[in-house]
Amino acid sequence: MSTFQAPKGTYDLLPPDSATYLAVREAIATPLKNSGYGYIETPGFENVELFARGVGESTDIVTKEMYAFETKGGDRLALRPEGTASVLRAALEANLHKTGNLPVKLWYSGSYYRYERPQKGRYRHFSQVGAEAIGTEDPALDAELIILADQAYRSLGLSDFRILLNSLGDKECRPVYRDALQGFLRGLDLDEDTRRRIDINPLRVLDDKRAEVQKQLVGAPMLRDYLCDACKAYHEEVRELLAAAGVAFQDDEKLVRGLDYYTRTTFEFVHDGLGAQSAVGGGGRYDGLSEMIGGPALPSVGWALGVDRTVLALEAEGITLDIPASTSVYAVPLGDEARRVLFGVVTELRREGVATDFCYGGKGLKGAMKNANRSGARYALVAGERDLADGVVQLKDMESGEQEPVTLDEVVATLQAKLA
């Protein structure tokens, strides 16, 4: 064993499990690609200030969980703890909002980093697929993104998830609610950290998972009673569009999500088979974030779905994805001449798009056929000196065990036809 191990709270993705993660990423990305979202990739680290301003000074992410460091040149950087702020920064920097085609629709996939207490489903390095629609205020966009996430999960065969939905109001009505909530919270018996949060972002106190805090929150003013007419109408339209699309959701008045930038629509996908870490993804509208990070007013909405959590959800429902074998043909040479000839055939098959592997290391027939079996290949190509003298290779069907000689000049076309 190596003396080095993966850092605490991280994991290595290895075959064959990695194939499931790739399939999950692809399943989440497919509905986005079919709906006008273009792929974006941003650096793994950004200026600390981008997250402090964008995600929020009072959030656990910024105060406790961010990997921040200073470079040799004196720059203060942080490993990205989430995707939205980076994507919006990149879109603003490239002036994508000025091309005249709003909303700017982008999707991304990558690793994110938070210094957390590691547990199942909560790691210090985790993988997400996300989507952002930048520059347009329209309930249909909010509904579209929720519907696309629902579609992605259903395409994987998941059914035991719920969509929680809420509205956080906007800059017109939220300040009035904020005052009322602060007044209520100041009368409670709370620790110093939580009291500080009352001043910075009191909505985050509602999100506190501790039983002793939740018990005191009974009777707290509800945001729905403070929504202005515009926010009520907006939220109602999102709800109507989801219902018309046949997407079930539950209203959850306490849903605030863990980031300061959300306005109006906020939502979460939860899976009841995951225990404490039940959220598999979520998002919402963030109409003021662009201005927070120095850009123009660009109302936007987005989400991120956790790949790790989605894989756990599949396991909880007992779903095994039907992932095709990565190898279709496995070549077994017996002798030096066969090795030279079959390697040429393998190269030609690969050029023609046939997934082909080769028995390396000069193994005997028995060991080589064991490798062929393990590879999951549908066909094996076997050739020894006598076969080559006859100008053929033996084509073995790994399922039926049947074997037939095929001439060397016909082997590629024969395999293409059989695999079609």
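Look up a bit, the structure's there.
What you are looking at is a predicted structure, and each value in this text was computed from that prediction instead of being measured. Along each chain, numbering runs from 1 in the same order as the chain's sequence is written. pLDDT decides what is reported in this predicted model: residues at 70 or higher carry local features, side-chain atom pairs at 80 or more are listed and counted, and totals for whole chains, interfaces and linings draw on all residues regardless. Here the side-chain values reflect all heavy atoms present in the structure, with hydrogen atoms and water set aside.

Student: When you look at the overall build of the chain in this model, what are you seeing that I'm missing?
Tutor: Starting at the N terminus, helices and strands are each numbered in turn, a helix being any DSSP run of H or I of at least four residues and a strand any DSSP run of E of at least two. Along its length, the chain carries 16 helices and 16 strands. Relative to the globule expectation of 22 Å for 420 residues, the C-alpha radius of gyration of the chain, 27 Å, shows a markedly less compact shape. Seen through its C-alpha atoms, the chain measures out along the principal axes to roughly 90 × 50 × 40 Å. Summary of the burial criterion: residues with accessible area below 20% of their type's maximum are buried, those above 50% are exposed, and those between are partly exposed, where the area comes from a 1.4 Å probe applied to protein chains only. A burial count over the chain gives 50% of its 420 residues as buried. Contacts were defined at the residue level, with two residues in contact if any of their heavy atoms lie within 4.5 Å. Relative to all contacts within the chain whose residues are 6 or more apart in sequence, the contacts with residues 24 or more apart total 69%. Carbon and sulfur atoms make up 49% of the accessible area of the chain, which totals about 20600 Å². Put simply, the radius of gyration uses C-alpha atoms, and a globule should come to 2.2 Å times the residue count raised to 0.38. All accessible areas in this document rest on Shrake-Rupley with a 1.4 Å probe, and a residue is counted as covered only by the protein chains that are shown.

Student: Would you take a moment to explain empty space enclosed by the protein for this structure?
Tutor: Empty pockets left among the atoms are what a rolling probe the size of a water molecule brings to light. Buried and open spaces are told apart on a 1 Å grid over the protein atoms alone, a cavity being a set of points where a 1.4 Å probe fits but cannot get out and a pocket being an open set with protein on both sides within 12 Å along at least five of seven lines. Residues with an atom within 4 Å of a point are the lining residues. Grid points are joined across faces, edges and corners, and a volume is the space filled by probe spheres set on the points. On inspection of all chains with the given rule, the structure shows 2 cavities of 30 Å³ or more. Empty space within the second largest cavity amounts to approximately 30 Å³. Together, L206, L217, A220, P221, M222 and K254 line the second largest cavity. For this scheme, ten residues count as nonpolar: Ala, Val, Leu, Ile, Met, Phe, Trp, Tyr, Cys and Pro. Four count as charged, namely Asp, Glu, Lys and Arg, and the remainder, Gly too, count as polar. Across the lining of the second largest cavity, the residue classes tally to 5 nonpolar, no polar and 1 charged.

Student: Help me out: how do you make sense of the side chain of R80 in this one?
Tutor: Along the chain, R80 falls in the loop between β4 (76-79) and α4 (84-93). For the charge count, each Lys or Arg is scored as positive and each Asp or Glu as negative, with His and the chain ends excluded. What counts as a salt bridge is simple: a side-chain nitrogen of Lys or Arg found within 4 Å of a carboxyl oxygen of Asp or Glu. This buried residue, R80, is left without a salt bridge; E46 holds the nearest opposite charge, at 6.7 Å. For this analysis, a polar contact is any N or O atom pair within 3.5 Å, provided that within protein one partner can donate a hydrogen and the other can accept it, and provided that sequence-adjacent residues contribute only side-chain to side-chain pairs. Side-chain polar atoms of R80 contact the backbone oxygen of P43, separated by 3.3 Å. Residues contacting R80, with those up to four places away along its chain left out, are T42, P43, G44, F45, F51, S86, G110, S111, Y112 and Y113.

Student: I keep staring at the pairing of strand β12 (residues 329-333) and nothing clicks. Help me out?
Tutor: Counting buried positions over the 5 residues of β12 gives 5, a clear majority of the element. Burial along β12 is two-sided: V329, A331 and P333 and Y330 and V332, pointing in opposite directions, are all buried. By the bridge criterion, 3 bridges tie β12 to strand β13 (residues 356-358) in an arrangement that is parallel. Opposite Y330, over in β13, you have D357 as the bridge partner. Each parallel crossover has a hand, and for β12 linked through helix α13 (residues 336-351) to β13 it is right-handed. Note that β12 and strand β14 (residues 379-383) share 5 bridges and pair parallel. From the neighbouring strand, V329 faces β14, where its bridge partner is Y379. Between any two strands, at least two bridges found by DSSP are needed for them to pair. With the strands aimed away from the viewer, a crossover counts as right-handed if its path from the first strand over the helix to the second runs clockwise.

Student: Is there a simple way to think about the packing of helix α1 (residues 17-33) against helix α12 (residues 307-316) in this case?
Tutor: Helix packing for two helices is described by the angle between their axes and how far apart those axes are. To obtain an axis, a line is fitted to C-alpha atoms, over the contacting stretch when the element is a helix, and the angle between two such axes runs from 0 to 180 degrees between their N-to-C directions. Where α1 contacts α12, the axes come no closer than 10 Å and their chain directions differ by 105 degrees. Taken together, the axes of α1 and α12 are roughly perpendicular relative to one another. Counted together, T20, Y21, V24 and R25 of α1 and V307, D308, T310, V311 and L314 of α12 form the full contact between these two elements. Per-class residue counts for the contact of α1 with α12 are 5 nonpolar, 2 polar and 2 charged. Roughly parallel refers to an angle under 35 degrees, roughly antiparallel to one over 145, roughly perpendicular to one between 65 and 115, and oblique to any angle outside these ranges.

Student: Before we go on, may I ask you to explain the packing of helix α6 (residues 174-185) against helix α7 (residues 192-200) in this structure?
Tutor: At a minimum axis distance of 9 Å, the contact between α6 and α7 shows a crossing angle of 160 degrees. With respect to α7, the axis of α6 lies roughly antiparallel. The chirality of how α6 crosses α7 is left-handed. Judged by residue contacts, R178, Q182 and L185 of α6 engage R195, I198, D199 and I200 from α7. Here the residues of the contact of α6 with α7 sort into 3 nonpolar, 1 polar and 3 charged. We call a crossing left-handed when the near helix sits turned anticlockwise from the far one by less than a right angle, and right-handed when that turn is clockwise.

Student: Is there a simple way to think about the sheet that holds strand β1 (residues 38-39) in this case?
Tutor: Strand pairing within a sheet occurs via backbone hydrogen bonds; the two strands may be parallel or antiparallel. In space, the 8 strands of this open sheet follow the order β1-β5-β6-β11-β10-β9-β7-β8, with mixed pairing throughout. Across the chains shown, the open sheet's two edge strands, defined by having one partner strand only, are β1 and β8 (250-251). Relative to β8, strand β7 (residues 161-167) runs parallel, the two being bridged by 2 bridges. Across the sheet, residue L165 finds its bridge partner in β8, namely D251.

Student: Would you explain the nonpolar core in this entry?
Tutor: As a rule of thumb, soluble globular proteins bury nonpolar side chains together. Of all hydrophobic cores here, the largest spans 48 residues; its most connected members are F51, L88, L106, I134, L181 and L185. Mapped onto this core, the elements with two or more residues apiece are α2 (48-54), α3 (60-65), α4, β5 (104-113), β6 (125-134), α6 and α8 (203-206). With 6 residues, α4 is the single largest residue contributor to this core. Contacts of L185, omitting those with residues within four sequence positions, involve L190, R195, I198, P202, V205 and L217. To define a nonpolar core, start from buried Ala, Val, Leu, Ile, Met, Phe, Trp, Tyr and Cys residues and group those joined through side-chain atoms within 4.5 Å. Of all hydrophobic cores here, the second largest spans 41 residues; its members include A131, L141, I146 and L312.

Student: How should the packing of aromatic side chains be read in this particular structure?
Tutor: Two aromatic rings, taken as a pair, are described by how far apart their centres are and by the angle between their planes. For Phe, Tyr and Trp, rings pair up if their centres lie within 6.5 Å, where Trp contributes its six-membered ring, and each pair is then called stacked (planes under 30 degrees apart), edge-to-face (over 60) or tilted (otherwise). This model, assessed by the stated rule, comprises 14 aromatic pairs. Between the aromatic rings of Y153 and F161, the centroid separation amounts to 5.4 Å while the plane-to-plane angle is 55 degrees, which identifies the pairing as tilted. Across the pair, F161 and Y153 agree in class, each one buried. Taking the centre distance of 6.1 Å and the plane angle of 40 degrees together, the rings of F161 and F269 count as tilted. Of this pair, F161 sits in strand β7 while F269 sits in strand β9 (residues 263-271), placing them 108 residues apart in sequence. Residue classification places F161 among the buried positions, given a relative accessible area of 7%. Relative accessible area serves as the criterion here: at 0%, F269 is assigned to the buried category. Here the aromatic residues Y153, F161, F267 and F269 are joined through ring pairs into a cluster of three or more. One residue, R80, lies across the ring of Y112, its end atom 4.5 Å from the ring centre. A ring has a charge above it when a Lys NZ or an Arg CZ is no more than 6 Å from the ring centre and no more than 35 degrees off the ring normal. The ring centre of Y115 lies 4.0 Å from the NZ or CZ of R124, which sits over that ring.

Worth remembering: the numbers are spatial, not functional.
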